[in-house]
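# A closer look at the structure
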Amino acid sequence: MGGVLGKGDSPKCCIIETKLETKMVEAMQRRASEGSSMKSFNRIILKFPKIDESLRKCKDIFQQFDEDANGAIDPQELRRCFHKLEINFTEEEINDLFEACDINDHMGMKFNEFIVLLCLVYLLKEDPTALQTKSRMGMPNLEATFEMLVDAFVFLDKNKDGYVSKSEMIQAINDTTSGELSSGRIALKRFEEMDWDKNGMVNFKEFLFAFTRWVGIDDNEDDEQEDNA
Ligand SMILES: [Ca+2]
Ligand SMILES: [Ca+2]
Ligand SMILES: [Ca+2]
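Remember, predicted model here, so these are calculated numbers, not experimental data.

Within the protein chain one finds ten helices and two strands. When burial is assessed residue by residue, the protein chain has 29% of its 229 residues classed as buried. Counting only contacts in the protein chain whose residues sit at least 6 apart along the sequence, the fraction spanning at least 24 positions is 62%.

This is the structure we're talking about:
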């Protein structure tokens, strides 16, 4: 199970864990070269409620593809979902995405995992040759929200390497809350919340999962069903 990591002696050599992560970072670097329309970290925070609202509406899409209504999207359901949305990913790419986003190893996408997955698809589907106006997934409203999230990440990733480092996070927050003594500590706390694998770098997937937690989309994780298998 999982990606083949090669020699894992040094944590630093494992920054790029999987082919999917490589693709994700490359796509983000391409996107970063276009720049960000975000002007400050505050602007990003001001957009939170709007992003939250839009992602919650995505629940309909989730329910539509959760064909057996068991509260999770399994690999078969995901394949049919991709087919319906005309997302032409290979079997391997779909499996990699599933594994990367199924963080609880339940063999099913929960709602917040599904959102993260769709947003990654949005990023990966970027076609530099396509017209700007062309919808990538046939869900323009949701895609506009995903674009905001990508844009926010690009804003934070000052050196455009596809990762947000701790110092980039501190810089972004310090620029916003000048003079506040606690701002550095808040930045660090935010960063630690995002950097799940504690490798000192936050990739877009980690950013998205942190985001769904901040806006409270995984609030209802408490009432997840017991596994009766
Ligand atoms: Ca299901
Ligand atoms: Ca960076
Ligand atoms: Ca990390």
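There is more to say, and it comes next.
Between helix α1 (residues 19–32) and helix α6 (residues 111–124), the least distance of the axes is 9 Å, while the angle of their chain directions is 60 degrees. Between α1 and α6, the angle is such that the two are oblique. Like other packed secondary-structure pairs, α1 and α6 cross with a definite hand, here left-handed. Packed against α1, whose contacting residues are Lys23, Met24, Ala27 and Met28, the element α6 presents Leu120, Leu123 and Leu124 at the interface. Taken together, the residues of the contact of α1 with α6 sort by class into six nonpolar, no polar and one charged.

For α6, built from 14 residues, the straight-helix expectation of 20 Å at 1.5 Å per residue is met to within 8% by its first-to-last C-alpha distance of 20 Å. Of all 14 residues making up α6, 13 are buried, and the element is well covered by its neighbours.

So, on to the UniProt feature "domain: EF-hand" (unreviewed entry) in the protein chain. The sites that UniProt annotates as "domain: EF-hand" (unreviewed entry) are residues 53–88, 144–179 and 182–217. Its end C-alpha atoms 28 Å apart, residues 53–88 is made of 61% helix and 0% strand.

The next point concerns the environment of Glu143. Mapped onto the elements, Glu143 comes out in helix α7 (residues 140–156). Its 17 C-beta neighbours within 10 Å are what place Glu143 among the partly exposed residues. As a C-alpha pair, Glu143 and Cys119 span 24 residues in sequence and 8.0 Å in three-dimensional space. Those residues in contact with Glu143 that sit more than four places away from it in its chain are Tyr122, Ser135, Arg136 and Met137.

So, on to the environment of Leu85. Along the chain, the position of Leu85 falls in the loop between α4 (75–84) and α5 (91–101). Expressed as a C-alpha distance, the spacing of Leu85 and Met137, which sit 52 residues apart in the sequence, is 5.8 Å. When sequence neighbours within four positions are dropped, the list of residues in contact with Leu85 reads Met137 and Gly138.

Conventions and cut-offs
Counting restarts for each chain, with residues numbered from 1 along the sequence as it is written. Chains carry letters and ligands carry numbers; both start at the beginning, A for chains and 1 for ligands, and go up in the order they are written. Side-chain atom pairs in this predicted model are given and counted only at pLDDT of 80 or more, local residue features only at pLDDT of at least 70, and totals for whole chains, interfaces and linings cover all residues. By the criteria applied, helices consist of DSSP H or I runs no shorter than four residues and strands consist of E runs no shorter than two, each listed in order from the N terminus. With C-beta atoms placed from the backbone, the exposure class of a residue follows from how many other C-beta atoms lie within 10 Å of its own: 20 or more, buried; 12 or fewer, exposed; in between, partly exposed. With C-beta atoms placed from the backbone, a contact is any residue pair whose C-beta atoms sit within 7 Å. To obtain each axis, a line is fitted to C-alpha atoms, and for helices this fit is confined to the stretch in contact; angles are then taken between N-to-C directions over 0 to 180 degrees. Roughly parallel here means an angle under 35 degrees, roughly antiparallel means over 145, roughly perpendicular means 65 to 115, and every remaining angle is called oblique. Less than a right angle of anticlockwise turn of the near helix away from the far helix marks a crossing as left-handed, whereas a clockwise turn marks it as right-handed. Residues are grouped as follows: Ala, Val, Leu, Ile, Met, Phe, Trp, Tyr, Cys and Pro are nonpolar; Asp, Glu, Lys and Arg are charged; all remaining types, including Gly, are polar. Here a helix's expected span is defined as the number of its residues, less one, multiplied by 1.5 Å. UniProt positions are given in the numbering used here, feature names are shortened, and annotations may be inferred rather than shown by experiment.

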